[in-house]
Amino acid sequence: MRWTSQALLAAVTNYPGMGGRAWTSLQHEDERICKSFALWANSTLGFLVHWTQGQRTQSGRATNQIKALAQIPCPRLDQLPEDRLDQAAHKFDELAPMALMQ
């Protein structure tokens, strides 16, 4: 994640992704979980958590090893009530078509 060139920490795509060093792949059978995670990860708190847990070997960049991602604190989205997951997925769908600021 490079703060100076990327507008998102997490994204949801319509196509399968392999991930990689910069973009790992979150997989869950419930699409609402993925959408909820994208909302949380791109929130101020999500960015701060990622930044504090990442290695900062280059200016403006925070990287994490694949295995270290499992140790980053994150809400237990799979324990949210159904109506809250529906709400989060709906909010994600509202925001998804919007253009990112440059």
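Values in this document were obtained by computation on a predicted structure and should not be read as measured data.

Rules behind the numbers
Residues numbered from 1 in each chain as written. Predicted model: local features only at pLDDT ≥ 70, side-chain atom pairs only at ≥ 80, totals over all residues. Heavy atoms only, no water. Core = buried A, V, L, I, M, F, W, Y, C linked by side-chain atoms within 4.5 Å. Buried < 20%, exposed > 50% of the residue type's maximum accessible area, 1.4 Å probe, protein only. Helix = DSSP H or I, 4+ residues; strand = E, 2+ residues; numbered from the N terminus. Contact = heavy atoms within 4.5 Å. Arc of directions from axis to C-beta. pLDDT = per-residue confidence, 0-100. Phe/Tyr/Trp six-rings, centres within 6.5 Å; stacked < 30°, edge-to-face > 60°.

1. Observations concerning the nonpolar core
As a rule of thumb, nonpolar side chains are buried together in soluble globular proteins.
Here's step 1: Formed by Leu-9, Ala-10, Trp-40, Ala-41, Phe-47, Val-49 and Ile-72, the largest nonpolar core amounts to seven residues.
Here's step 2: Sorting the residues of this core by element identifies helix H1 (31-41) and helix H2 (44-53) as the ones contributing at least two each.
Here's step 3: When neighbours within four sequence positions are excluded, Trp-40 is seen to be in contact with Leu-45, Gly-46, Val-49, Pro-73, Cys-74 and Pro-75.

2. Digging into H2
Here's step 1: The complete set of buried residues in H2 reads Gly-46, Phe-47, Val-49 and His-50. All buried residues of H2 lie within an arc of 165° about the axis, which places them on one face of the element. For H2, the exposed residues lying more than 90 degrees away from the buried face are Thr-44 and Leu-45.
Here's step 2: Lining the buried residues of H2 we find H1.

3. With respect to H1
Here's step 1: Among the eleven residues of H1, eight are classified as buried, and the element is accordingly described as predominantly covered.
Here's step 2: Those residues of H1 that sit buried are Arg-32, Ile-33, Cys-34, Lys-35, Ser-36, Ala-38, Trp-40 and Ala-41.
Here's step 3: Residues of H1 that are buried sit in contact with H2 and helix H3 (82-95).

4. A look at the confidence of the model for the protein
Caution is warranted with low-pLDDT regions, since their predicted coordinates should not be read in detail.
Here's step 1: Per-residue pLDDT for the protein has a mean of 79; in total, 69% of the residues score no lower than 70.
Here's step 2: Within the protein, H3 carries the highest mean pLDDT (95), whereas H2 carries the lowest (78).

5. Details of the side chain of Lys-35
Here's step 1: Assignment of secondary structure puts Lys-35 in helix H1.
Here's step 2: Sequence-distant contacts of Lys-35, defined by excluding residues within four places in its chain, comprise Val-12, Ala-89, Phe-92 and Asp-93.

6. Notes on the packing of aromatic side chains
Here's step 1: Applying the stated criterion across every chain, the model contains one aromatic pair.
Here's step 2: Considering the side-chain rings of Phe-37 and Trp-40, the 6.1 Å spacing of their centres and the 40° angle between planes classify their relative orientation as tilted. Of the two residues, Phe-37 and Trp-40 both sit in helix H1, three residues apart, roughly one turn of that helix.
Here's step 3: Residue class for Trp-40 comes out buried when judged on its relative accessible area of 16%.

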